[in-house]
Amino acid sequence: MVLDFTQGKLILSPFELQIKLTALPVTLYAMAEDIKLISDALMIVADAGAVRWHCKLDSLTQMEIVATELGLDL
């Protein structure tokens, strides 16, 4: 599934997430088990040991879609 947001595109599958940023030629990648969702702040946080990143979404609806696609709890 592809979901547009103000910073780029979220590409979701049941096992992984890719975030393609439009402002920079950057793609952030993480496996579903390395992702945490912080619904109060609308943040996706990826922590895979030495590699960490976070991205702010536009709305709670987007957060719910990400949670459903990745099988994560809010």
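Quick note: structure is the one above.
These numbers come from a predicted model, not from an experiment.

Draft legend 1. Here's a closer look at the sheet that holds strand E5 (residues 35-38). Within the open sheet, the 3 strands sit side by side as E5-E6-E7. Their pairing is antiparallel. Strand pairing shows two members of the sheet lacking a second neighbour, E5 and strand E7 (51-56), which therefore form its edges. Adjacent strand axes in the sheet meet at a mean angle of 15°, parallel and antiparallel pairs treated alike. With 4 bridges connecting them, E5 and strand E6 (residues 43-48) associate as antiparallel partners. Bridge pairing links Ile35 to Ala46 in E6. Contacting E5 and E6, helix H1 (residues 60-70) crosses the sheet at an angle of about 150° to E5.

Draft legend 2. Fine view of H1. Looking at H1, one finds that the buried residues are Gln62, Met63, Val66, Ala67 and Leu70. One face of H1 carries all of its buried residues, which in axial projection span an arc of 140°. For H1, the elements touching its buried residues are strand E1 (2-5), strand E2 (8-12), strand E3 (16-21), E5 and E6.

Draft legend 3. Representation of the pairing of E6 in the model. Between the end of E5 and the start of E6, which pair antiparallel, lie 4 residues, with Leu42 showing a positive phi angle near 55°. Bridge count for E6 against E7 is 6 bridges, and the pairing is antiparallel. Paired with Val45 across the strands is His54, a residue of E7. In this antiparallel pair of consecutive strands, E6 and E7, the connection spans 2 residues, and Gly49 shows a positive phi of 85°.

Draft legend 4. Molecular detail of the environment of Tyr29. Relative to the assigned elements, Tyr29 resides in strand E4 (residues 26-31). By relative accessible area, which is 43% here, Tyr29 ends up partly exposed. Taking the C-alpha atoms as reference points, Tyr29 and Leu17, separated by 12 residues in sequence, lie 5.8 Å from one another. Excluding its chain neighbours within four sequence positions, the residues that come into contact with Tyr29 are Glu16, Leu17, Gln18 and Trp53. Among the polar contacts made by the side chain of Tyr29, one reaches the side chain of Glu16 at a distance of 2.8 Å.

Draft legend 5. Looking closely at the nonpolar core. Residues Leu10, Leu17, Ile19, Ile44, Trp53 and Val66 are the most contacted members of the largest nonpolar core, which totals 21 residues. Sorting the residues of this core by element identifies E1, E2, E3, E4, E5, E6, E7 and H1 as the ones contributing at least two each. For this core, the leading source of residues is H1, giving 4 residues. Excluding its chain neighbours within four sequence positions, the residues that come into contact with Ile44 are Leu10, Leu17, Ile35, Lys36, Leu37, Trp53, His54, Cys55, Leu57 and Val66.

Reading guide: rules and limits
- Residues numbered from 1 in each chain as written.
- Predicted model: local features only at pLDDT ≥ 70, side-chain atom pairs only at ≥ 80, totals over all residues.
- Heavy atoms only, no water.
- Pairing = 2+ DSSP bridges.
- Helix = DSSP H or I, 4+ residues; strand = E, 2+ residues; numbered from the N terminus.
- Axes fitted to C-alpha atoms, helices over the stretch in contact; angles between N-to-C directions.
- Contact = heavy atoms within 4.5 Å.
- Buried < 20%, exposed > 50% of the residue type's maximum accessible area, 1.4 Å probe, protein only.
- Arc of directions from axis to C-beta.
- Polar contact = N/O pair within 3.5 Å; in protein donor to acceptor, adjacent residues only side chain to side chain.
- Core = buried A, V, L, I, M, F, W, Y, C linked by side-chain atoms within 4.5 Å.

Function-wise, these values are silent; they only describe arrangement.
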